[in-house]
Structure formats: structure tokens, C-alpha cells
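# Survey of secondary and tertiary structure
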Amino acid sequence: MSLFKSVYETNHEILEAITQLHCPSGFDCDMTFGNGAFWTNLPRPRLCFDITPLHDGVIQADSGALPVEDGSLGSAVFDPPFLTYVSNGREHSSVMSRRFGGYWAYAELEEHYKATLLEATRVLRKGGVLVFKCQDIVHNHRLQCTHANVIGWAETAGLRLLDLFV
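The rules behind these values
- Residues numbered from 1 in each chain as written.
- Predicted model: local features only at pLDDT ≥ 70, side-chain atom pairs only at ≥ 80, totals over all residues.
- Heavy atoms only, no water.
- Helix = DSSP H or I, 4+ residues; strand = E, 2+ residues; numbered from the N terminus.
- Buried < 20%, exposed > 50% of the residue type's maximum accessible area, 1.4 Å probe, protein only.
- Contact = heavy atoms within 4.5 Å.
- Areas by Shrake-Rupley, 256 points an atom, 1.4 Å probe, with all protein chains shown as cover.
- Phe/Tyr/Trp six-rings, centres within 6.5 Å; stacked < 30°, edge-to-face > 60°.
- Lys NZ or Arg CZ within 6 Å of the ring centre and 35° of its normal.
- pLDDT = per-residue confidence, 0-100.
- Pairing = 2+ DSSP bridges.
- 1 Å grid on protein atoms, 1.4 Å probe; cavity = no way out; pocket = protein on both sides within 12 Å on 5 of 7 lines; lining within 4 Å.
- Points joined across faces, edges and corners; volume = space filled by probe spheres on them.
- Nonpolar A, V, L, I, M, F, W, Y, C, P; charged D, E, K, R; others polar.
- Salt bridge = Lys/Arg side-chain N within 4 Å of Asp/Glu carboxyl O.

## Some thoughts on the overall build of the protein
Check the secondary structure of the protein and you find four helices and seven strands. Reading the helices (α) and strands (β) of the protein from amino to carboxyl end gives α-β-β-β-β-α-α-β-β-β-α. Within the protein, buried positions represent 38% of all 166 residues. Counting contacts in the protein only where the partners sit at least 6 residues apart, residues at least 24 apart contribute 54% of the total. Taken as a whole, the protein presents about 10,100 Å² of accessible surface, with 52% of it coming from carbon and sulfur.

## Considering the packing of aromatic side chains
One pass over the structure, following the stated rule, counts six aromatic pairs. Plain terms: the ring middles of Phe78 and Tyr113 are 5.7 Å apart, the flat faces sit at 85° to each other, and that makes the pair edge-to-face. One end of the pair, Phe78, is in strand E4 (residues 73–78); the other, Tyr113, is in helix H3 (residues 106–123), and 35 residues separate them in sequence. Residues Phe78 and Tyr113 agree in their burial class; the two are buried. Pairing Phe78 with Phe132 gives two aromatic rings, centres 4.8 Å apart and planes at 70°, and the pair type is edge-to-face. Residue Phe78 is found in strand E4, and its partner Phe132 is found in strand E5 (residues 124–132); the two are separated by 54 residues along the sequence. Taken individually, Phe78 and Phe132 each receive the classification buried, so the pair is uniform in this respect. A connected cluster of aromatic rings, assembled from ring pairs, spans Phe78, Tyr113, Phe132 and Trp153. Directly above the aromatic system of Phe33 lies the positively charged group of Arg44, at a separation of 4.6 Å from the ring centroid.

## Focus: the confidence of the model for the protein
Of all residues in the protein, 83% have pLDDT values of 70 or greater, and the mean over the chain is 84. Contacts of residues 95–99 to residues separated by more than four positions or lying in other chains number seven contacts, the stretch itself having pLDDT below 50.

## Describing the sheet that holds strand E3 (residues 59–60)
In spatial order, the strands read E3-E2-E1-E4-E5; together these five strands make up an open sheet with parallel pairing. Because the sheet does not close on itself, it has two edges, and the strands there are E3 and E5.

## What about the layout of surface pockets?
In this structure, the second largest pocket spans a volume of roughly 160 Å³. Lining the second largest pocket are 13 residues, and of these Thr19, Ser25, Gly26, Phe27 and Pro43 sit closest to its centre. Taken together, the residues of the lining of the second largest pocket break down into six nonpolar, four polar and three charged.

## Some thoughts on the pattern of salt bridges
If you walk through the whole model with that rule in mind, you get six salt bridges. The shortest N-O distance in the salt bridge between Lys114 and Glu110 comes to 2.7 Å. In this pair, Lys114 and Glu110 are both assigned in helix H3, four residues apart and thus about one turn of the helix distant.

This is how it looks when you write it as C-alpha cells:
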């Protein structure tokens with residue numbers, strides 16, 4: 001019998017619990033593979049995409065336009081950048097922005113997230129699961145409750161909330 005907690009210390013622990021709860025056979029796709037840290041101690045999805053692949057076997061593609069057929073995936077993970085005021089080549093970029101990238105304005109983040117939600121609607125089969133990792137942030141002195149925004153954007157895209165981990 002598995003034990004599910006209400007508090008997890010690491011991405012690995014929470015992703016493992018989500019896998020057991022909602023995708024016991026593992027994930028079909030990582031839409032933003034990045035450095036692959038999510039999968040260090042978990043089975044890597046059969047398809048991995050990133051706009052700038054850093055590892056062998058990762059296919060170059062934007063998460064808003066994946067080279068897969070409609071309704072061909074049962075599950076996907078989306079772990080996008082969440083930082084704002086990040087621009088390539090900025091001299092005073094933070095360590096976090098150099099490691100993870102990001103967007104200059106929250107509107108860019110919103111555009112990327114919405115496009116990816118629409119793409120998830122296209123590529124996931126009926127009953128498919130999208131794990132969407134996001135972070136609330138302060139941008140331009142204003143709190144952006146990104147997790148609440150994502151719920152609304154997902155509903156507009158035709159998806160429904162199955163679970164929420166905050």
C-alpha cells in the first residue's frame with residue numbers, strides 16, 4: 001500500500017507520488033525536458049522535447065508545437081521557466097535566470113503557457129493527464145497567482161483540473 005503525504009521535500013518525491021496516483025505506467029512525454037533533473041530517479045518519458053536540447057534523445061521542439069499526432073499521448077509533463085525580467089545577454093541576469101531561462105514580461109509567460117495548454121489539448125487523448133508545474137511570482141510589483149491563472153487558461157483550452165499540489 002502506498003502512502004501519500006501532504007508535504008514533499010523534493011520535485012522527485014512529488015513527481016513520484018503524482019506518477020503513482022495518476023500515471024502508474026509512467027509518462028509518455030516531457031514537453032520541456034531542460035536539464036532532465038525531474039527524471040534523475042524516475043523512468044524518463046519515451047518522448048522528450050525542448051526548445052534547446054541539452055541531452056541526447058531530446059527532440060528540438062517548442063512545447064506549443066510538438067511533432068506528434070493528435071490524441072497520441074496519454075500523459076505529459078510541462079515544467080516551463082517561470083522567471084520574468086529575464087532576457088538573453090542581460091549583464092545583471094541572476095544565477096537562477098542563467099540556469100533556467102525565463103521571460104521578459106509576464107505576458108510572454110502567459111502566451112507560452114496558453115499555447116502549450118492548447119497543444120496539450122491537441123496531443124493528449126481523451127482522459128489524458130497533463131502535469132503542469134508552475135510558480136506564483138511577483139512581476140512589476142504585482143503578485144501573479146500563476147497557478148490560479150493556469151487553471152482558468154486550462155479550462156479555456158478545454159482541459160479540466162484533476163488534482164492540485166501547491
